[in-house]
Amino acid sequence: MSSRLAKQTLDLILKNNNSSALKRKEEQKLKKVEEKKPLRLPDTKKGIKKVKYEMRYGQQQKAKAALMKLEKKGGNPLDALYKEEEALQDNLERNLRILQAHRLKASDNERKMRKKLLRFNKQGDQ
């Protein structure tokens, strides 16, 4: 029973490998055919007008699109740096206001630890 299943699976694997190789060959043939097709203008007069219009004004449109993309990205890199510095400064000021408003003080344990540390430092200096 197991040898029979093994044969079937091997047959399926071999068929899949052969079929995938055939598909690859077909795709390569299609690509070659597409590459060999020469570029030509459309047959209709309207199509030719479109192509001529694109040749005439396409560069301007592409330049405008590139400029808009640059502006969307942030424009001048120095402006981005200034904005970042300003944001950091605002955040610092906000944090200072919060700390001053709450008047955070050291707890009793923190004061005791600080005293011990100062005594230890004095003893080490002498």
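Look a little higher up for the structure.
These numbers come from a predicted model, not from an experiment.

(A) Region of interest: the overall build of the chain. The number of helices and strands found in the chain is four helices and zero strands. Written out in order from the N terminus, the α and β elements of the chain read α-α-α-α. For the chain, buried positions account for 2% of its 126 residues.

(B) Representation of the packing of aromatic side chains in the model. Across all of its chains, the model carries one aromatic pair by this definition. Consider the rings of Y53 and Y57, whose centres lie 4.7 Å apart with planes at 50 degrees: the pair is tilted. With Y53 and Y57 both in helix α2 (residues 45-73) and four residues apart, this pair spans about one turn of that helix. For Y53, a relative accessible area of 46% corresponds to the partly exposed category. For Y57, a relative accessible area of 32% gives the class partly exposed.

(C) Local environment of a nonpolar patch on the surface. Taken together, the side chains of L78, L81 and Y82 define a hydrophobic patch exposed on the protein surface, amounting to about 320 Å² of accessible area. Relative to the helices and strands, L78 resides in helix α3 (residues 77-102).

(D) Broad picture of the pattern of salt bridges. One pass over the full model with this rule turns up one salt bridge. Two residues, D108 and R111, come together in a salt bridge whose shortest N-O distance is 2.8 Å. Here D108 and its partner R111 are both found in helix α4 (residues 108-125), three residues apart, which amounts to about one turn of the helix. By relative accessible area, D108 is classed as exposed at 51%.

(E) How the structure looks around a positive patch on the surface. A grouping of K25, K29, K32 and K36 is seen on the molecular surface, where their side chains present a positively charged patch. For K29, a relative accessible area of 59% puts it in the exposed group.

(F) Representation of α4 in the model. For α4, which comprises 18 residues, the first-to-last C-alpha distance of 26 Å matches the rise-based estimate of 26 Å (1.5 Å per residue) to within 8%. The element α4 is barely covered by neighbouring structure, given that only zero of its 18 residues are classed as buried.

Basis of the calculations
- Residues numbered from 1 in each chain as written.
- Predicted model: local features only at pLDDT ≥ 70, side-chain atom pairs only at ≥ 80, totals over all residues.
- Heavy atoms only, no water.
- Helix = DSSP H or I, 4+ residues; strand = E, 2+ residues; numbered from the N terminus.
- Buried < 20%, exposed > 50% of the residue type's maximum accessible area, 1.4 Å probe, protein only.
- Phe/Tyr/Trp six-rings, centres within 6.5 Å; stacked < 30°, edge-to-face > 60°.
- Patch = residues over 30% accessible without salt bridge, like charges linked within 9 Å, V, L, I, M, F, W, Y side chains within 5 Å.
- Areas by Shrake-Rupley, 256 points an atom, 1.4 Å probe, with all protein chains shown as cover.
- Salt bridge = Lys/Arg side-chain N within 4 Å of Asp/Glu carboxyl O.
- Lys, Arg positive; Asp, Glu negative; His and termini not counted.
- Charge placed at Lys NZ, Arg CZ, Asp CG, Glu CD.
- Expected span 1.5 Å × (residues − 1).

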